[in-house]
Amino acid sequence: MAKIAAKISAGNTFQSVAEDFIAVKLVAENKAEATIDKARWYLSHLTPALGNRPISEIEPAELLAVLKILERKGHRETARRTRALGSGLTDQSQKRTVAAKASAEKKTVGQRSYRVA
């Protein structure tokens, strides 16, 4: 079970989840190009510090540290919108990880499902 969890979290870096979010949520829903560019710009503030890390290991305090830098520069609105986008990504990723673990625990034989202990 630990191997499955490690494999899932290794593939879910902050950068990959962010790119997936943009592709699935914004591009697929035909959002305006300006909206997509702005989302990428907000995420560009977070990716240097958090981009290569598994998203399941990112703590809220780490996200806050990056946002504090923006606030100190006087970019309060940018920090607020970046926080909204970053928090949404981490919340969505946690839900996906839980769902992936649950489906990995189930083993289907014929028409019956068995939980693997």
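Residues numbered from 1 in each chain as written. Predicted model: local features only at pLDDT ≥ 70, side-chain atom pairs only at ≥ 80, totals over all residues. Heavy atoms only, no water.

(A) Region of the structure containing the side chain of Thr78. Mapped onto the fold, Thr78 is located in helix 5 (residues 76-105). A relative accessible area of 15% places Thr78 in the buried class. Not counting the four nearest positions on each side in its chain, Thr78 is found in contact with Trp41, Tyr42, His45 and Leu70. (Helix = DSSP H or I, 4+ residues; strand = E, 2+ residues; numbered from the N terminus. Buried < 20%, exposed > 50% of the residue type's maximum accessible area, 1.4 Å probe, protein only. Contact = heavy atoms within 4.5 Å.)

(B) Fine view of the packing of helix 3 (residues 33-50) against helix 4 (residues 60-72). Where helix 3 meets helix 4, the axes come as close as 10 Å, and the angle between the chain directions of the two elements is 125 degrees. Regarding the angle of helix 3 to helix 4, the classification is oblique. Crossing hand, helix 3 versus helix 4: right-handed. In this structure, helix 3 contributes His45, Leu46, Ala49 and Leu50 to the contact, and helix 4 contributes Glu62, Leu63, Val66, Leu67 and Leu70. Looking at the contact of helix 3 with helix 4, its residues break down into seven nonpolar, one polar and one charged. (Axes fitted to C-alpha atoms, helices over the stretch in contact; angles between N-to-C directions. Parallel < 35°, antiparallel > 145°, perpendicular 65-115°, else oblique. Left-handed = near helix turned anticlockwise from the far one by under 90°. Nonpolar A, V, L, I, M, F, W, Y, C, P; charged D, E, K, R; others polar.)

(C) Summary view of the nonpolar core. One finds Phe14, Leu43, Leu46 and Leu89 to be the most contacted residues of the largest nonpolar core, which totals 21 residues. When residues of this core are traced back to their parent elements, those giving at least two are helix 2 (14-27), helix 3, helix 4 and helix 5. (Core = buried A, V, L, I, M, F, W, Y, C linked by side-chain atoms within 4.5 Å.)

(D) Structural context of the packing of aromatic side chains. Throughout the structure, instances matching the rule amount to one aromatic pair. A cation over a ring is seen here: Lys38 above Trp41, with NZ or CZ 4.9 Å from the ring centre. (Phe/Tyr/Trp six-rings, centres within 6.5 Å; stacked < 30°, edge-to-face > 60°. Lys NZ or Arg CZ within 6 Å of the ring centre and 35° of its normal.)

(E) Representation of the pattern of salt bridges within the structure. Counted by the stated rule, this structure contains five salt bridges. Residue Arg53 is joined to Glu62 by a salt bridge in which the shortest nitrogen-to-oxygen separation is 2.3 Å. The exposure class assigned to Arg53 is partly exposed, which follows from its relative accessible area of 26%. Accessibility expressed as a relative area gives 24% for Glu62, which makes it partly exposed. A salt bridge links Glu77 to Arg81; the nearest nitrogen and oxygen atoms lie 2.7 Å apart. Taken together, the positions of Glu77 and Arg81, both in helix 5 and four residues apart, correspond to about one turn of that helix. What makes Arg81 partly exposed here is its relative accessible area of 40%. Ionic contacts of the salt-bridge type, sharing partners, join the residues Glu77, Arg80 and Arg81 into one network. (Salt bridge = Lys/Arg side-chain N within 4 Å of Asp/Glu carboxyl O.)

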